[in-house]
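So the chains spell out like this:
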Amino acid sequence: MYEDGEKGLIVTDERLMMGLNGDEAVAYAIKQVEPDVVAAYPITPQTIIVERFSEYVANGLVKTDFVSVESEHSALSSCIGAEAAGARAFTATAANGLALMWEMTFIASSLRLPIVMAVANRALSGPINIHNDHSDAMGARDSGWIQIWCENSQEVYDACIEAWRIGEHTNVQLPVMINLDGFTLSHTMENVFTLPDDVVKNFVRDRRFIKVKGHLGESELRLDPGTPITMGPFDLQDFYFEHKLQQVEAMRRALEAIPEVDAEYEALSGRGYRLIHPYMVDDAELVIVGLGSTMGTASYVVEKLREKGVKAGLVKIRVFRPFPKDELVKTLRSIPVVGVLDRAISFGAPNGPLCEEVKTAFYEEKDRPLIANFIHGLGGRDTSPSMIEGMFHRLMKIKSRGRVDQLIEYVGVRE
Amino acid sequence: MSDLTLKEAALKPDLLASGHRLCAGCGETIIARMILKAARGPTIATSATGCLEVSTSIYPYTAWMVPWIHSAFENAAATASGIEAAWRAMRRKQKGPLSRYETLDIIAFAGDGGTYDIGLQALSGALERGHDFTYVLLDNEAYMNTGIQRSGGTPFAAETTTSPSGKAVPGKKEWKKPIDEIVIAHEIPYAASINPAYPMDVLRKSRKALEADGPAFLHALVPCSRGWRFPPEKTIEVSRLAVQTCIFPLYECRFLEGRPHYELSSPSLAIAKKPESKKPVEEYLRIQGRFNHLFRPEMRVDLISSIQEWVDNRWEMLKEKSGV
């Protein structure tokens, strides 16, 4: 039996353990969720997701309508049409595909459609490159999507189930982007504990709709000939601004909804993630903050440094949008030195995108750490344990000098 | 196929309500209202960005009495694909908001910019995938919503704000893109040309398009008083001349047993049978300000005759395909 004693946890049943790479973990979770529509276009390193899902469709394992569109722009447009019609819709992409969707990402969130999209993060062209960095998702950071970042395939699997409940939460109603590092996660086989189909189905349940006041009366926010509403109207100076603030409010509410959904998921699976994941920070003096799979390597380095008596720690940001400012400040307030890892450049900006968020979070705080910024791993360049150890050594120097001399340090790049 | 009489259509409530802000004499309104009259029952409409979209949905007002969505310019066909996929999946699962509708008329409206140009890829994809929806090309032959810029649908020599007639160049240098042939090459069940001057033809073809099992394409010529430079009360006259001169013949094409079957519709068939009734294209050009420079300060006989040749050539090809 998969149930574990009185708590009813479904935790470590060997029969529910599968060897899955990150893409397969996405496809398997989405198979179990069985959305009405999947519209997607192939792009490395996301392609395995659509390949596996197509197999599920071909073998009749899902009733999902798979729309193999002619572009990512149409992928997201079809998802918008489907979700507007009251369906659940999923898509997946990477890099240039996400860039091609860019226009539609803003429209999906402003229409308040809880689409779920997996992004196998890949460096944005040009030059063209197929390997991992975060330039794609960072380019969409202001598009109004919730962004969840994963460290391993297990987190990917769990996020692909939780995302529906988060996005469809009646206080939220926003699209959700699940980020998994291209190749590092998407193509790397790991052990993943899965849940039984019925448990997943019960957890995600049916999509919930909010009520709106339409011109023909009250209706659920979806296209239904029985209760016609107009979606995506022309919205000018007199209302546009208020509608944008509704999105601001929805993001704020997502900060409450995500831990709520996560707690429910944890009660079911034994795995909970919340907004940020601190590791060995309580007494830490040097803390690394970052996103994605690099944080797995960083936790290994933290453990090694701890053995040597260095008070190292890390904070993994699981949810980047909405940005978990309060949790982060609470966790890092008394840390002397923090190093923020960015796997993307904002050209011409004083810092990388994540570092700017962290610094902004601390601007109004009296007690705040010295904050350094390391930009690493662009275009799939490996970020090794020794590089991360090097970053901790830099943080040590900053601590002894009492100041940050260099706004950004580029790590692992030739002179 | 069930025919809709004019009386029945007149008695049906308008699904595009009055109060919208489209211009007086706009051909789009006439066509959109008639197509909606032909709807069989449950209907969902989507529009690409353009005149129809901005003029019918200025928040907090809307003219749409059917569920309607606009999301972007180039994606009307992709949005419709998603709606259709949603409906199909819900029918299969027998679960979900749309699962109770046995038929669902999904109509995508887009202009010539949203079809010939920026929306061509999404349209081609949706046709190739075979979604069951009706795509309506509202062809006013330029980007009217942004102020009359040339598109792939603008005819040769027409003046627009990006193909002005100057001393060196007399209006648009290129010929109108043969969009119908491009669409028909996708081997879709039904395609037809329609025109506001022939309402019964519009109703009949719209119903056929909605009933087709798979993608259907309606190419509507929608004269634009502002952009074509004619008085708004002359919309129907201009529309009719387009058919009478054969610059925009009325026909339909069904794909049966592996090949396209073209059929001239009665107003054009009458001309084919009585060639002397075909009017010179000059009559059509002369009443539109966008072709003024073909007549003033001097008559550009060279350009007018090359337009006539283009019309004649395409008319002959269409007659050949229609077996007339």
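Every value quoted in this text rests on a predicted model; they were computed, and no experiment measured them.

Would you mind showing me how to read the interface of chain A and chain B here?
Interface size is commonly expressed as the accessible surface area that is lost when the partners come together. The interface is formed by 47 residues belonging to chain A together with 44 residues belonging to chain B. A combined buried area of about 3500 Å² lies between chain A and chain B, and 62% of that area is made up of carbon and sulfur atoms. The interface formed by chain A and chain B includes six salt bridges. Here Arg-88 of chain B makes a salt bridge to Asp-65 of chain A, at a shortest N to O gap of 3.0 Å. Of all the secondary structure elements, the ones that give two or more residues to the side of chain A that touches chain B are strand E3 (65-68), helix H3 (72-84), helix H4 (95-110) and strand E11 (230-231) of chain A. At eight residues, H3 of chain A tops the list of elements feeding residues into the side of chain A that touches chain B. Of the residues belonging to the side of chain A that touches chain B, the class tally is 23 nonpolar, 14 polar and 10 charged.

Just to check I follow, could you spell out the confidence of the model for chain A for this structure?
Close reading of the predicted structure is inappropriate where its pLDDT is low. With 97% of its residues at a pLDDT of 70 or more, chain A has an overall mean of 96. Within the model, pLDDT remains below 50 along residues 1-6 of chain A, and this stretch shows 14 contacts once partners closer than five positions in the same chain are excluded.

Quick question: what am I supposed to make of the packing of aromatic side chains here?
Remark: the centre distance and the inter-plane angle together describe each pair of aromatic rings, the angle taken between the planes. Enumeration according to the criterion identifies 16 aromatic pairs over all chains in this entry. Here Phe-239 of chain A and Tyr-59 of chain B contribute two aromatic rings whose centre-to-centre distance is 4.8 Å and whose plane-to-plane angle is 80 degrees, an arrangement assigned as edge-to-face. Placement of the pair is Phe-239 of chain A in the loop between E11 and helix H8 (240-269) and Tyr-59 of chain B in the loop between helix H3 (51-56) and strand E2 (68-70), with the two residues belonging to separate chains. Geometrically, the ring pair formed by Phe-133 of chain B and Tyr-135 of chain B is edge-to-face, given 6.5 Å between the ring centres and 90 degrees between the ring planes. For the pair Phe-133 of chain B and Tyr-135 of chain B, one class covers both residues: buried. Across from the ring centre of Phe-203 of chain A, 4.8 Å away, lies the NZ or CZ of Arg-165 of chain A, which sits over that ring.

Just to check I follow, could you spell out unusual backbone geometry for this structure?
What is expected of a backbone is that most residues other than glycine have negative phi and most peptide bonds are trans. Residue and element names in this part refer to chain A. Each neighbour pair has its own omega, and for Thr-44 with Pro-45 the value is 0 degrees, a cis peptide bond. Omega for the bond connecting Arg-321 with Pro-322 falls within 30 degrees of zero, at -5 degrees, which places this linkage in the cis form. Mapping Pro-322 onto the fold places it in the loop between strand E15 (319-321) and helix H10 (325-332). The phi dihedral of Arg-205 falls on the positive side, at around 45 degrees, and the residue is not glycine. Looking at where Arg-205 falls in the secondary structure, it is placed in the loop between helix H7 (197-204) and strand E9 (211-214). The backbone of Arg-274 shows a phi angle near 55 degrees, a positive value even though the residue is not glycine. Along the chain, Arg-274 falls in the loop between H8 and strand E12 (276-279).

It is not clear to me how the packing of H3 of chain A against helix H4 (residues 76-93) of chain B should be interpreted in this structure. Could you clarify?
Helix-helix packing: each pair is described by the crossing angle between the helix axes and the interaxial distance. For the pair H3 of chain A and H4 of chain B, interaxial distance at closest approach is 6 Å and the crossing angle is 50 degrees. With respect to H4 of chain B, the axis of H3 of chain A lies oblique. Note that H3 of chain A runs across H4 of chain B; the crossing there is right-handed. Contacts between H3 of chain A and H4 of chain B pair Ser-74, Ser-77, Ser-78, Gly-81 and Ala-82 of chain A from the former with Ala-78, Thr-79, Ser-81, Gly-82, Ile-83 and Ala-86 of chain B from the latter.

What's the story with the domain arrangement of chain A in this structure? I'm lost.
Residue and element names in this part refer to chain A. Taken domain by domain, chain A consists of domain 1 (2-204) and domain 2 (276-410). Each of domain 1 and domain 2 has a C-alpha centre, and the two are 27 Å apart. Listed as interface residues are 23 residues of domain 1 and, on the opposing side, 21 residues of domain 2. Around 1800 Å² of area is buried between domain 1 and domain 2 when both sides are counted, 52% of it from carbon and sulfur atoms. Between the two partners, domain 1 and domain 2, sit four salt bridges.

What exactly am I supposed to notice about the side chain of Asn-179 of chain A here?
All names here are of chain A. As for its placement among the helices and strands, Asn-179 is situated in strand E7 (residues 176-181). Since its relative accessible area comes to 1%, Asn-179 is described here as buried. Setting aside residues no more than four positions away along its own chain, Asn-179 makes contact with Val-119, Asn-121, Ala-137, Gln-147, Ile-148, Trp-149 and Cys-150.

Looking at this model, I keep getting lost on the packing of H10 of chain A against helix H11 (residues 353-362) of chain A. Mind explaining?
Residues and elements named next belong to chain A. Running from N to C, H10 and H11 point in directions that differ by 75 degrees, and their axes come no closer than 10 Å. With respect to their mutual orientation, H10 and H11 come out roughly perpendicular. Across the interface between the two elements, Lys-325, Leu-328, Val-329 and Leu-332 of H10 pack against Val-358, Ala-361 and Phe-362 of H11. The class makeup of the residues in the contact of H10 with H11 is six nonpolar, no polar and one charged.

Could you clarify how one ought to interpret the environment of Phe-291 of chain B in this entry?
All names here are of chain B. Here Phe-291 shows up in the loop between helix H12 (281-286) and helix H13 (301-321). Spatially, the C-alpha atoms of Phe-291 and Arg-150 are 14 Å apart, while their sequence positions differ by 141 residues. Beyond its immediate chain neighbours, meaning those up to four positions away, Phe-291 contacts Pro-155, Phe-156, Ala-157, Ala-158 and Leu-285.

How should the sheet that holds E7 of chain A be read in this particular structure?
Strand pairs in the sheet, formed through backbone hydrogen bonds, run parallel or antiparallel to each other. All names here are of chain A. Strand order in the open sheet made by the seven strands is E3-E2-E4-E5-E7-E6-E15, with mixed pairing throughout. Edge positions in the sheet fall to E3 and E15, since each has one partner strand and no second. On average, each strand axis in the sheet is tilted by 20 degrees relative to the strand beside it, whichever way the strands run. Of the strand pairs in this sheet, strand E2 (residues 37-40) and E3 are connected by four bridges, and their pairing is parallel. Directly across from Val-38, in E3, lies its bridge partner Phe-66.

Can you walk me through the sheet that holds strand E4 (residues 134-139) of chain B in this structure?
Spatially, nine strands are ordered E11(A)-E2(B)-E1(B)-E3(B)-E4(B)-E6(B)-E5(B)-E7(B)-E8(B) in an open sheet, and the strand pairing comes out mixed. Two strands bound the open sheet, and with one partner strand each, they are E11 of chain A together with strand E8 (259-264) of chain B. Relative to strand E6 (residues 216-221) of chain B, strand E5 (residues 190-194) of chain B is paired through five bridges, and the arrangement is parallel. Within E6 of chain B, the residue paired with Ser-193 of chain B across the bridge is His-219 of chain B.

Would you mind going over the side chain of Ser-74 of chain A with me for this structure?
Assignment of secondary structure puts Ser-74 of chain A in helix H3. Every residue in contact with Ser-74 of chain A, bar those within four places of it in the chain, is listed here: Val-69 of chain A together with Ala-78 and Ala-122 of chain B.

Would you mind showing me how to read the environment of Asp-132 of chain B here?
Residue and element names in this part refer to chain B. Mapped onto the elements, Asp-132 comes out in the loop between helix H6 (120-129) and E4. Measuring from C-alpha to C-alpha, the distance between Asp-132 and Arg-150 comes to 31 Å, with 18 residues separating the pair along the chain. Leave out the neighbours within four places in its chain, and Asp-132 touches Glu-84, Ile-106, Ala-212, Asp-213, Gly-214 and Pro-215.

Would you mind showing me how to read the nonpolar core here?
Where a protein is soluble and globular, its nonpolar side chains tend to be buried together. Of all hydrophobic cores here, the largest spans 162 residues; its most connected members are Ile-80 and Val-289 of chain A together with Phe-109 and Tyr-135 of chain B. For this core, the element with the most residues is H4 of chain B, which contributes nine residues. Two domains each donate at least three residues to this core, and these are domain 1 (2-204) and domain 2 (276-410) of chain A. Counting 50 residues, the second-largest nonpolar core is a separate cluster that includes Trp-164, Leu-185, Phe-203 and Ala-257 of chain A.

When you look at helix H11 (residues 266-273) of chain B in this model, what are you seeing that I'm missing?
Each full turn of the α-helix corresponds to 3.6 residues, which orients residues three or four apart in the same direction. Residues and elements named next belong to chain B. Where H11 is concerned, the buried positions are Pro-267, Ser-268, Ile-271 and Ala-272. Buried positions in H11, seen along its axis, are confined to an arc of 140 degrees and lie on one side of it. For H11, the exposed residues lying more than 90 degrees away from the buried face are Ser-266 and Lys-273. Where H11 is buried, its residues contact helix H10 (235-244), E8 and H13.

Sorry if this is basic, but what is going on with the environment of Lys-31 of chain A here?
Mapping Lys-31 of chain A onto the fold places it in helix H1 (residues 22-33). As for Lys-31 of chain A and Ile-178 of chain A, which are separated by 147 residues in sequence, their C-alpha atoms are 16 Å apart.

Conventions we followed
- Residues numbered from 1 in each chain as written.
- Chains lettered and ligands numbered in written order.
- Predicted model: local features only at pLDDT ≥ 70, side-chain atom pairs only at ≥ 80, totals over all residues.
- Heavy atoms only, no water.
- Contact = heavy atoms within 4.5 Å.
- Buried area = accessible area lost by both parts, 1.4 Å probe.
- Salt bridge = Lys/Arg side-chain N within 4 Å of Asp/Glu carboxyl O.
- Helix = DSSP H or I, 4+ residues; strand = E, 2+ residues; numbered from the N terminus.
- Nonpolar A, V, L, I, M, F, W, Y, C, P; charged D, E, K, R; others polar.
- pLDDT = per-residue confidence, 0-100.
- Phe/Tyr/Trp six-rings, centres within 6.5 Å; stacked < 30°, edge-to-face > 60°.
- Buried < 20%, exposed > 50% of the residue type's maximum accessible area, 1.4 Å probe, protein only.
- Lys NZ or Arg CZ within 6 Å of the ring centre and 35° of its normal.
- Axes fitted to C-alpha atoms, helices over the stretch in contact; angles between N-to-C directions.
- Parallel < 35°, antiparallel > 145°, perpendicular 65-115°, else oblique.
- Left-handed = near helix turned anticlockwise from the far one by under 90°.
- Domains from an automatic or database assignment.
- Pairing = 2+ DSSP bridges.
- Core = buried A, V, L, I, M, F, W, Y, C linked by side-chain atoms within 4.5 Å.
- Arc of directions from axis to C-beta.

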